[in-house]
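# Structural features, examined
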Amino acid sequence: MTKYIPDLNFFFSSIGLGINFFFTSVILVLAAFFGFYEFAAELGLLKAGIFMVCQMLSSNARSIIIAKNKISSTEQFLTFRLIFGFIIFSVSSIIIFLLDSNFKFLIFNLSTIIVVQWIAEIIITSYHSKKKDLEKIIFIFFQMIFLFSSFLCFWYGSLFLLELISIAYILFYLIFFLKYFSSFFSSLEKFSIQNNIKNLFKLSLLSSASINFTNLTWRVMIINIISKDYAGALFGGFAVASFIGSFFYNIVGPILFQNKDVKKTLKFLIDYLLLIIVLAGCFLVYYFQDYFSGYPEIKNFFYNTILISLIGSYFMMKSHFLRFEFFFSNEKNHNSVFNFDIIYSFFCILTVPVLFFIGSLEGLKYSYLAASIFSFLIFLTLSQSKNAKR
């Protein structure tokens, strides 16, 4: 019998990339839990906009760095992201300070964090390829400190303290990755912007952009048809429920599915263990809802959104499993999956106006559940069509 040896490189990489990817989502969720609904609404809208642009410019960098494991690839992608990161930062800063908001400086800090984390993703991925566990452990340690500090800011109800923490967080990134940022000018001579721009017009990136565009469109529509407080409650509820699916889809799923031996285990975990986790999550949310602050009506709306959306998270995870199973079964299936992503995104945009027309404000609570079921049915159909051809 072969002794199981845990893959610490994968473990630390997943945690490091996960915190880097979800930090602002955690802030959004904490804001909703502690009753800062208007702030959650503005952060949710801003995050969706910047994230959509960043995803469009990502060029599958993580997958390429892991596959090629070359220093030149890391330098090329890092240079690209530094250039466009500065452009995104500049444009988003102008937009933020033109907005009518009570949280301009904090939103500005968090938008800067999103851009810096998008750039740092390349470096963290290179840590995975080079198996630099010590750097990853140090990075994770400081990330946990900042997460805990952010929680304390909300616990004591001080967004001013969160402003100070966000400044320190940005400085941490700049200091920790200073040697990589300082090599920017030496790499600039080898950089070809034309070759990188060509990568933006691939079907894979159009599918990713369509999904993120749907997310942005949802939030723009919601914040324009209901109050910011209720919009923040919705965004927070969707963020809580979508966490497991997003972590699987963006961080660990593509890596795990390259190993065919784990597919049966994953299917079992999603079919049974995830269902138990979702039900346990519903119980915890229902039981602990009185321990957090917020206006009673909006708070009830927020927790009801979580409970309904958690059911959707089960269907979304099954959808992700079917998508990855079909995607990795044959290289010829890639374009089919990307096309279905675009079709799903198009029809998903209609979810918000249809549900609002049917049930007004209360109907919007079912948006994530409806989108999850729709996604599951699409990729179930795709999976069954593959099996029928055998």
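Predicted, not measured: the structure shown is a model, and the values here were computed from it.

Our focus in this paragraph is the environment of Leu310. Mapped onto the fold, Leu310 is located in helix 14 (residues 296–329). You can call Leu310 buried: its relative accessible area is 10%. Expressed as a C-alpha distance, the spacing of Leu310 and Leu279, which sit 31 residues apart in the sequence, is 8.2 Å.

A word on the pattern of salt bridges. Opposite charge on two side chains allows them to pair when their charged atoms are near. What the rule picks out here adds up to 4 salt bridges. Of the charged contacts in the structure, one is a salt bridge between Lys228 and Glu42, with a shortest N-O distance of 2.7 Å. In this pair, Lys228 sits in helix 12 (residues 228–256) while Glu42 sits in helix 2 (residues 37–56), placing the two residues 186 residues apart along the sequence. One salt bridge in this structure joins Glu362 and Lys365, with 2.5 Å as the shortest N-O distance. The class of Glu362 is partly exposed, set by a relative accessible area of 43%.

Here the focus is the packing of aromatic side chains. Inspection of every chain in the model, using the stated rule, returns 35 aromatic pairs. Ring centres of Phe21 and Phe51 lie 5.2 Å apart, and the angle between their planes is 80°; on these two criteria the pair is classed as edge-to-face. Here Phe21 is found in helix 1 (residues 8–33), whereas its partner Phe51 is found in helix 2, with 30 residues between them in sequence. Take Phe21 and Phe51: they sit in the same class, and that class is buried. Arranged with centres 5.0 Å apart and planes meeting at 55°, the rings of Phe302 and Tyr303 form a pair that is tilted. Every member of this aromatic cluster is reached through a ring pair, and the members are Phe23, Phe139, Phe141, Phe142, Phe146, Tyr169, Phe172 and Tyr173. Here Lys47 stacks its cationic end above the ring of Phe51, 5.2 Å away from the centre of that ring.

Parameters and conventions
The numbering scheme is per chain: residues are counted from 1 as the chain's sequence reads. Confidence filtering applies because this is a predicted model: local features only for residues at pLDDT of at least 70, side-chain atom pairs given and counted only at 80 or more, and all residues used for totals across whole chains, interfaces and linings. Side-chain measures here rest on the full set of heavy atoms in the structure, leaving out hydrogens and waters. Helix numbering and strand numbering both begin at the N terminus, where a helix is a DSSP run of H or I of at least 4 residues and a strand a DSSP run of E of at least 2. Throughout, exposure labels follow a simple rule: accessible area from a 1.4 Å probe, protein chains only, divided by the maximum for the residue type, with under 20% read as buried, over 50% as exposed, and the rest as partly exposed. Note on definitions: salt bridges are taken to be side-chain nitrogens of Lys or Arg within 4 Å of carboxyl oxygens of Asp or Glu. Two rings belonging to Phe, Tyr or Trp (six-membered ring only in the last case) form a pair when the distance between their centres is within 6.5 Å. Interplanar angles under 30 degrees mark stacking, angles over 60 mark edge-to-face geometry, and anything in between is tilted. Two conditions define a charge sitting above a ring: the NZ of Lys or the CZ of Arg must be within 6 Å of the ring centre, and it must be within 35 degrees of the ring normal.

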